[in-house]
Amino acid sequence: MTTKIIGTGSCPGDRVVTNDDLAQIVETSDEWISTRTGIRERRLTTVLGTAGMAAEAARKACQNAGIDPEELDLIVMGTSTPEYCFPNGACQVQAEIGAVNAVGFDVSAACSGFVFALMTAHSFMKAGTYRNALVIGADDISKIIDWSDRKTCVLFGDGAGAAVIRAEEQDGIFHGLLKSDGKKWDVLTCGARTAGNFLTEKKPELGYVFMDGQEVFKFAVKKVPECIRQILEETNTSQEEIRYYILHQANERIIDSVAKRLKEPLEKFPMNIQKYGNTSAASIPILLDEMNREGRLKRGDKIILSGFGGGLTWGAILLEW
Ligand code: COA
């Protein structure tokens, strides 16, 4: 028995914002942003928000898979920016797409959200509990950015990506590793809306994204290759067998460095960060969807997905397309 991705969809934010546009609101430049990150522009959502983008990506993924939303048993959404504390975003998507027979919940693992959600859904498949699932990574991260902080505001963009997965009888590889290091929780954070109760007299405060960029950089370039090597070892797979490494799109320099550490050519590391920036949990499924629609993924290709982000959290999944 194995889990297969049978369809993908995506929905980036509706408005293009270039580096030059950002240079109008903070002291920065296209040159600074593009040389340090690879980002040229990003898309921000002005209409749909997290659940709306997620639902649009989900509809497209169901169409691509040739599945009616009523056939879905499970919806797992990786997000850090749901519209509500409750209900969860997956329940909103369920209502929007008419997945009346599914159960939905969110997974919170920041930029690792899609990988964590996919492993969660796969575990239900492996246990034989469900057959068809929708896995989403979606973030409207622009609403939790401090737009006067040039250290963070230039890095992110909004979007959603989705994949329909199915439990298949045939043999095949689907193997994942999820990791976290709570001791480093404070290097990449966004405080929740905080308010006290009538005893504390605290005023409501909004949280914004805070990042120690260099700590996050060091963490990513060490842990991602380590995790990929572990997965290859555990599955007795050689690097030559891997067609693509589809990494979280946080920074071109992180991806370059991972490729170098694995001694792999950069061509095996597809990138679209120049168009979208870091879309948090959405970056891997958006890239996967673009590659799928461009016909770059062939049945039987072995690919590794790897995410990393706040928590700190990270993980990787080896699967056969
Ligand atoms: N435009 C212009 N200058 C900027 C700037 C911007 N947008 N952001 C920061 N700077 C300035 C800083 O103020 C600093 O100036 P100073 O030396 O006068 O104090 C200088 O650039 C260097 O800042 P620093 O933070 O040391 O830059 P860096 O080389 O570490 O690059 C990142 C910053 C964020 C690009 C880099 O640390 C990084 O990529 N980290 C990983 C981030 C990431 O991917 N996070 C998401 C993971 S899920």
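Each remark here, short or long, concerns the structure printed above.
Student: Tell me about the site of the ligand, and please be specific about residues and values.
Tutor: Residues in contact with the ligand amount to 21 residues; listed here are only the nearest, Thr28, Arg150, Gly213, Gln214 and Asn251. The contact in question runs from an oxygen atom of the ligand to an N or O atom on the side chain of glutamine 214, over 2.8 Å. Relative to its free-state accessible area of 960 Å², the ligand is covered by the protein chains to the extent of 74%. Within the residue set of the shell around the ligand, elements represented by two or more residues are α2 (30-37), α6 (150-153), α7 (213-234) and β12 (302-309). Sort the elements by how many residues they give to the shell around the ligand and α7 lands first, with 4 residues.

Student: I'd like a description of helix α10 (residues 283-293), backed by residues and values.
Tutor: Most of α10 is tucked away: 10 of the 11 residues are buried. Among the residues of α10, Ser283, Ile284, Pro285, Ile286, Leu287, Leu288, Asp289, Glu290, Met291 and Asn292 are the ones counted as buried. Among the residues trailing α10, glycine 295 stands out with phi positive, at a value near 75 degrees.

Student: So what's going on with α7? Residues and values would help.
Tutor: Given a rise of 1.5 Å per residue, 22 residues ought to cover 32 Å, and the 31 Å separating the end C-alpha atoms of α7 matches this to within 8%. Positive backbone phi, at 55 degrees, marks asparagine 236, one or two positions downstream of α7.

Student: Give a description of the packing of aromatic side chains that names residues and reports values.
Tutor: Two aromatic rings are characterised by how far apart their centres lie and by the angle between their planes. In total, this model carries 4 aromatic pairs according to the counting rule given. On the basis of an interplanar angle of 10 degrees and a centroid distance of 4.8 Å, the ring pair of tyrosine 245 and phenylalanine 269 is categorised as stacked. Of the two residues, tyrosine 245 is situated in strand β11 (residues 242-247) and phenylalanine 269 in the loop between α8 (252-262) and α9 (273-276); the sequence distance between them amounts to 24 residues. This pair shows no difference in class: tyrosine 245 is buried, exactly as phenylalanine 269 is. Site record: aromatic cluster; members linked through ring pairs are Phe105, Phe124 and Tyr130.

Student: Can you break down the sheet that holds strand β5 (residues 103-107) residue by residue, with the values?
Tutor: Hydrogen bonds between backbone atoms are what pair the strands of a sheet, whose relative direction is either parallel or antiparallel. Taking strand neighbours across the sheet as the criterion, the 5 strands line up as β1-β7-β6-β4-β5 in an open arrangement whose pairing is mixed. Where the open sheet ends on each side, the last strands, each with one partner, are β1 (2-12) and β5. The sheet shows a mean angle of 20 degrees between the axes of neighbouring strands, taken without regard to direction. Relative to strand β7 (residues 159-168), strand β6 (residues 132-139) runs antiparallel, the two being bridged by 8 bridges. Bridge pairing links asparagine 132 to arginine 166 in β7. Contacts from helix α3 (residues 49-65) reach β1, β4 (74-78), β6 and β7, with the element oriented near 130 degrees to β1.

Student: Which residues make up the pattern of salt bridges, and what values do they have?
Tutor: Applying the stated rule across the entire model yields 13 salt bridges. The residue glutamate 226 makes a salt bridge to lysine 222 at a minimum N-O spacing of 3.3 Å. Of this pair, glutamate 226 and lysine 222 are both found in helix α7, 4 residues apart, which corresponds to roughly one turn of the helix. Judged by its relative accessible area of 38%, glutamate 226 is partly exposed. For lysine 222, a relative accessible area of 45% corresponds to the partly exposed category. Of the charged contacts in the structure, one is a salt bridge between arginine 243 and aspartate 301, with a shortest N-O distance of 3.8 Å. Here the residue arginine 243 occupies a position in strand β11, and aspartate 301 occupies one in the loop between α10 and β12, the gap between them amounting to 58 residues. By relative accessible area, which is 39% here, arginine 243 ends up partly exposed. Overall, aspartate 301 belongs to the buried group, its relative accessible area being 12%. Salt bridges sharing partners connect three or more residues here, namely Glu56, Arg59 and Glu96.

Student: Describe in detail the packing of α3 against helix α4 (residues 89-97), supporting the description with residues and values.
Tutor: The interhelical angle for the contact between α3 and α4, taken along N-to-C directions, is 50 degrees, at an axis separation of 9 Å. Here α3 lies oblique to α4, going by the angle between them. In this structure, the crossing between α3 and α4 has a hand that is right-handed. Residues Ala51, Gly52, Ala54, Ala55, Ala58 and Arg59 of α3 pack against Gln92, Val93, Glu96 and Ile97 of α4. For the contact of α3 with α4, the class distribution of residues is 6 nonpolar, 2 polar and 2 charged.

Rules used throughout
- Residues numbered from 1 in each chain as written.
- Predicted model: local features only at pLDDT ≥ 70, side-chain atom pairs only at ≥ 80, totals over all residues.
- Heavy atoms only, no water.
- Near = heavy atom within 4 Å.
- Polar contact = N/O pair within 3.5 Å; in protein donor to acceptor, adjacent residues only side chain to side chain.
- Areas by Shrake-Rupley, 256 points an atom, 1.4 Å probe, with all protein chains shown as cover.
- Helix = DSSP H or I, 4+ residues; strand = E, 2+ residues; numbered from the N terminus.
- Buried < 20%, exposed > 50% of the residue type's maximum accessible area, 1.4 Å probe, protein only.
- Expected span 1.5 Å × (residues − 1).
- Phe/Tyr/Trp six-rings, centres within 6.5 Å; stacked < 30°, edge-to-face > 60°.
- Pairing = 2+ DSSP bridges.
- Axes fitted to C-alpha atoms, helices over the stretch in contact; angles between N-to-C directions.
- Contact = heavy atoms within 4.5 Å.
- Salt bridge = Lys/Arg side-chain N within 4 Å of Asp/Glu carboxyl O.
- Parallel < 35°, antiparallel > 145°, perpendicular 65-115°, else oblique.
- Left-handed = near helix turned anticlockwise from the far one by under 90°.
- Nonpolar A, V, L, I, M, F, W, Y, C, P; charged D, E, K, R; others polar.

Keep in mind these values describe shape, not function.
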